[in-house]
Amino acid sequence: MNERTWYSGTPEPDRFKANDAGQALLVSLGSPGAVPAVQPVRTAQFRWQQRVQDIRVTSDLQALVDSLAQAEANDVLDLTVTGEVDLADHARLQAALGAAEARVRCLRRDSSTLRLAPTAEDIASLHADGYLGEVIQELRDESLAAADADSEPARRSQDALAILTGLLAERGSHPAGGAAA
């Protein structure tokens, strides 16, 4: 491009690639043969945003929760969440994702590498006694002892632990004898 050749992009983005989409150009000519004055003018209705959030501490999660709370109806979000969370932070994350998903135009999310690491207190709060408690503890130990957290056995232990603790946590949030909504 040069001072006389411009590409305005498209009036509305249709993907996450940054290629000057979502704008038009306002071109002014001072006189015949003069160099045009070009000003990009935003025309896009939707804001396309990609984000990768690694959660290592609670403040990382809080930053993501705050960011999701700021998302608006015309946002199109592609979110990848990595790292590790305990049960309380996992519940906060799911609530924030659910609220954002209901509010934004589109939320594509990938948390396949987010590791659920319930603490001993988390497991105790689930009141999983007997065999179920032993299974949860064994799954937790396997997932923590794995040399490679992304190995197939470690992933299976993580997935099983997430399912079991998630179901128990959900069960604990409903009154005894009550049905889940």
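That block above? That's the structure.
Keep in mind the model is a prediction, meaning the values are calculated, not measured. (Residues numbered from 1 in each chain as written. Predicted model: local features only at pLDDT ≥ 70, side-chain atom pairs only at ≥ 80, totals over all residues. Heavy atoms only, no water.)

Examining the overall build of the protein
As a reminder of what qualifies: Put simply, DSSP marks the helices as runs of H or I at least four residues long and the strands as runs of E at least two long, and each gets a number from the N terminus on. Atoms considered for the radius of gyration are the C-alpha atoms alone. The globule rule reads 2.2 Å times the number of residues to the power 0.38. Exposure classes here rest on a 1.4 Å probe applied to the protein chains alone. A residue is buried below 20% of its type maximum, exposed above 50%, and partly exposed in between.
Counting its regular elements, the protein contains five helices and six strands. Taken from N to C terminus, the helices and strands of the protein fall in the order β-β-β-α-β-α-β-β-α-α-α. The C-alpha radius of gyration of the protein comes to 24 Å, more than 25% above the 16 Å expected for a compact globule of 181 residues. C-alpha extents for the protein along the principal axes are approximately 85 × 40 × 25 Å. Of all 181 residues assigned to the protein, the portion counted as buried reaches 29%.

Considering the pattern of salt bridges
Formally: The term salt bridge refers to a side-chain nitrogen of Lys or Arg lying within 4 Å of a carboxyl oxygen of Asp or Glu.
For the structure shown, the criterion picks out eight salt bridges. When the shortest N-O distance is used, the salt bridge between Asp75 and Arg47 registers 2.6 Å. Pair noted here: Asp75 is in strand β4 (residues 75-85) and Arg47 is in strand β3 (residues 47-55), with a separation of 28 residues, a long-range link. Exposure remark for Arg47: the relative accessible area of 38% places this residue in the partly exposed category. Close ionic contact of Arg156 with Glu152 constitutes a salt bridge, the shortest N to O distance being 3.8 Å. With Arg156 and Glu152 both in helix α5 (residues 152-172), this residue pair falls four residues apart, about one helical turn.

As for a negative patch on the surface
What counts here: Exposure above 30% relative accessible area and no salt bridge define the residues that can form patches, which grow by joining like charges within 9 Å and nonpolar side chains of Val, Leu, Ile, Met, Phe, Trp and Tyr within 5 Å. All accessible-area figures derive from a Shrake-Rupley calculation using a 1.4 Å probe, and residue coverage is judged against the displayed protein chains alone. Only four residue types enter the tally: Lys and Arg on the positive side, Asp and Glu on the negative side, with His and both chain ends excluded. To locate a charge, take NZ of a lysine, CZ of an arginine, CG of an aspartate or CD of a glutamate.
Together, Glu134, Glu138, Asp141 and Glu142 make up a negatively charged patch on the protein surface. Along the chain, Glu142 falls in helix α4 (residues 130-145).

Topic: the nonpolar core
Our working rule: Nonpolar cores were defined as sets of buried Ala, Val, Leu, Ile, Met, Phe, Trp, Tyr and Cys residues, with membership established by side-chain atoms within 4.5 Å. Only heavy atoms matter for contacts: two residues are in contact if any of them lie within 4.5 Å across the pair.
Grouped together as the largest cluster of nonpolar side chains are 26 residues, with contacts concentrated most on Leu64, Leu68, Leu79, Val81, Leu93 and Leu107. Among the secondary structure elements, those contributing two or more residues to this core are α1 (58-70), β4, α2 (87-103), β6 (114-116), α4 and α5. No other element matches the five residues that α2 contributes to this core. Once you skip the residues sitting within four places of it in the chain, Leu64 turns out to touch Arg51, Gln53, Ile55, Leu79, Val81 and Leu93.

Describing the packing of α1 against α2
Just so we agree on the cut-off: For helices, the axis comes from a line fit to the C-alpha atoms of the stretch in contact; other axes are also lines fit to C-alpha atoms, and the angle between any two N-to-C directions lies between 0 and 180 degrees. The scheme is simple: roughly parallel for angles under 35 degrees, roughly antiparallel for over 145, roughly perpendicular for 65 to 115, oblique for anything else. With the far helix as reference, a near helix turned anticlockwise by less than a right angle produces a left-handed crossing, and one turned clockwise produces a right-handed crossing. Each residue gets one label: Ala, Val, Leu, Ile, Met, Phe, Trp, Tyr, Cys and Pro are nonpolar, Asp, Glu, Lys and Arg are charged, and the others, such as Gly, are polar.
Contact pair α1 / α2: the axes reach a minimum separation of 9 Å and the direction vectors enclose 15°. The angle between α1 and α2 falls in the class roughly parallel. Note that α1 runs across α2; the crossing there is left-handed. Across the interface between the two elements, Thr58, Leu61, Gln62, Leu64, Val65, Leu68 and Ala69 of α1 pack against Asp89, Arg92, Leu93, Ala96, Leu97, Ala100 and Arg103 of α2. Considering only residue class, the contact of α1 with α2 consists of nine nonpolar, two polar and three charged.

Side note on α2
Think of an α-helix as turning once every 3.6 residues; residues three or four places apart then point the same way. Basically, it comes down to this: To estimate the expected span of a helix, subtract one from its residue number and multiply by 1.5 Å. Two N or O atoms count as a polar contact when they lie within 3.5 Å, although within protein this holds only if one can serve as hydrogen donor and the other as acceptor, and sequence-adjacent residues are included solely when both atoms are side-chain atoms.
For α2, built from 17 residues, the straight-helix expectation of 24 Å at 1.5 Å per residue is met to within 8% by its first-to-last C-alpha distance of 24 Å. Among the residues making up α2, those that are buried are Leu87, Asp89, Leu93, Ala96, Leu97 and Ala100. In this structure Asp86 caps α2, since a side-chain oxygen of it lies 3.3 Å from the backbone nitrogen of Ala88.

Regarding the packing of aromatic side chains
Heads up, the rule is: Pairing of aromatic side chains requires ring centres within 6.5 Å, counting the rings of Phe and Tyr and the six-membered ring of Trp. Pairs whose planes differ by under 30 degrees are stacked, by over 60 edge-to-face, and all others tilted.
Counted by the stated rule, this structure contains one aromatic pair. Between Phe16 and Trp48, the aromatic rings sit 5.0 Å apart at their centres with planes inclined by 70°, giving edge-to-face as the arrangement. Here Trp48 lies in strand β3 and Phe16 lies in the segment before β1 (23-28), a separation of 32 residues in the sequence.

Some remarks on the environment of Asn74
Mapping Asn74 onto the fold places it in the loop between α1 and β4. Take Asn74: its relative accessible area is 32%, and that puts it in the partly exposed class. C-alpha of Asn74 to C-alpha of Ile123: the two residues are 49 residues apart in sequence and 39 Å apart in space. If sequence neighbours within four positions are ignored, Asn74 has contacts with Gln45, Phe46, Arg47 and Arg105.

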